[in-house]
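Overview (structure and organization)
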Amino acid sequence: MTTPAESLRSLARTRASLDGAEVTYWWSGSVYSWAPDEPYERLFGFEGVNVARLVHEAEDGPGSYRLLSREAAFYLDPVTGDILESWRDLPVVHIWNDPANQKWRPFPVPATDLGAQVCFSLEIPLAYPSPLPVAQYPLHSAGDTYKALELFQFFAHREDLAGPAPGVPATMSWSRMSPWVPWMARGQRPGGLTYHCRGRKLDAYTEVPERTRAYIADHHPEFARAPETWSEPNETSWTYFRRLSPPA
């Protein structure tokens, strides 16, 4: 992994598979609230699934990839682990991001040598105009600028990366600091949410827990497969909420 192209190729094999095969990641964790002068609180359990495939488009240049994916994630009762339909008398809006695509061009992917393992780190600060302006969504928007911090780590064995397989087994961690999600109806109240999760690349989608596969099949069965073609823009919790609740 001495060049940006080699570094990205190793990440691509860890995150997905160079042969274009569908790859499923599954993760679970917790969602905590934080606010000035308030104790931290574990509000939700959290579970998610991403199904992705890699493709290459010549127009993107050599050593480039497009990751085509859909991502579903669910807020869980913090005690029972059940998928929530309501919280404090508010309807829960789960995460249905279709698409959740990325374009990758060669870059020096941050990697840490952990001996038998390699850790690829992606630290992504976000700040852009919110799809939910306060003037239109005073109860559901934390501000006119969406600001969040997404922190990913992908772990693969060095021996696997040295082999010829198009994709390698991997585990991952993900943390996010974000505003209150829109359906919580907390307006501009100070504070927000911290997500803390860990997961792995599965051998097949059928390894996703049965309860979760059934929920996806009942609500949005297309999330069991990766997209076939590139599309944009990406869906987020904020744009999905706007689609469900257009401004008056």
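Placed above this text is the structure.
Quick look at the structure, then. Predicted model only: the values in this text are computed from it and were never measured.

**Concerning the environment of Pro190**
Mapping Pro190 onto the fold places it in the loop between strand S11 (171-178) and strand S12 (192-201). A relative accessible area of 52% means that Pro190 is categorised as exposed. Sequence spacing of Pro190 and Trp34 is 156 residues, and the spatial spacing of their C-alpha atoms is 8.7 Å. Once residues lying within four places of it in the same chain are set aside, the contact partners of Pro190 are Ala35, Pro36 and Trp180.

**Quick word on the packing of aromatic side chains**
One pass over the structure, following the stated rule, counts 19 aromatic pairs. Judged by centre distance (5.1 Å) and plane angle (70°), the rings of Trp96 and Phe223 are edge-to-face. Note that Trp96 is positioned in strand S6 (residues 95-97) and Phe223 in the loop between helix H3 (210-219) and helix H4 (237-244), a separation of 127 residues in sequence. Taking relative accessible area as the criterion, Trp96 reaches 7% and is therefore assigned buried. Note on Tyr128 and Tyr146: the rings are 5.2 Å apart at their centroids and 35° apart in plane angle, and the pair reads as tilted. Pair noted here: Tyr128 is in strand S9 (residues 117-129) and Tyr146 is in strand S10 (residues 145-157), with a separation of 18 residues, a long-range link. A relative accessible area of 31% places Tyr128 in the partly exposed class. For Tyr146, a relative accessible area of 4% translates into the label buried. One aromatic cluster is present, built from ring pairs that chain together Phe44, Phe46, Tyr75, Trp87, Trp174, Trp183 and Tyr195. Note that Arg176 overlies the ring of Tyr195, its terminal NZ or CZ placed 4.4 Å from the centroid.

**Some points on unusual backbone geometry**
In most cases, non-glycine residues show a negative phi, while peptide bonds are predominantly trans. Going from Asp98 to Pro99, the amide bond is cis rather than trans, its omega being 5°. Mapped onto the fold, Pro99 is located in the loop between S6 and strand S7 (102-104). A cis amide bond links Glu232 with the next residue in sequence, Pro233, at an omega value of 5°. Residue Arg88 is not a glycine yet carries a positive backbone phi of 50°. Assignment of secondary structure puts Arg88 in the loop between strand S4 (86-87) and strand S5 (90-91). Positive phi, close to 70°, is recorded for Asp89, a residue that is not glycine. Its place among the elements puts Asp89 in the loop between S4 and S5.

Calculation rules
Residues numbered from 1 in each chain as written. Predicted model: local features only at pLDDT ≥ 70, side-chain atom pairs only at ≥ 80, totals over all residues. Heavy atoms only, no water. Helix = DSSP H or I, 4+ residues; strand = E, 2+ residues; numbered from the N terminus. Buried < 20%, exposed > 50% of the residue type's maximum accessible area, 1.4 Å probe, protein only. Contact = heavy atoms within 4.5 Å. Phe/Tyr/Trp six-rings, centres within 6.5 Å; stacked < 30°, edge-to-face > 60°. Lys NZ or Arg CZ within 6 Å of the ring centre and 35° of its normal.

Interpretation in functional terms is not warranted from these geometric data alone.
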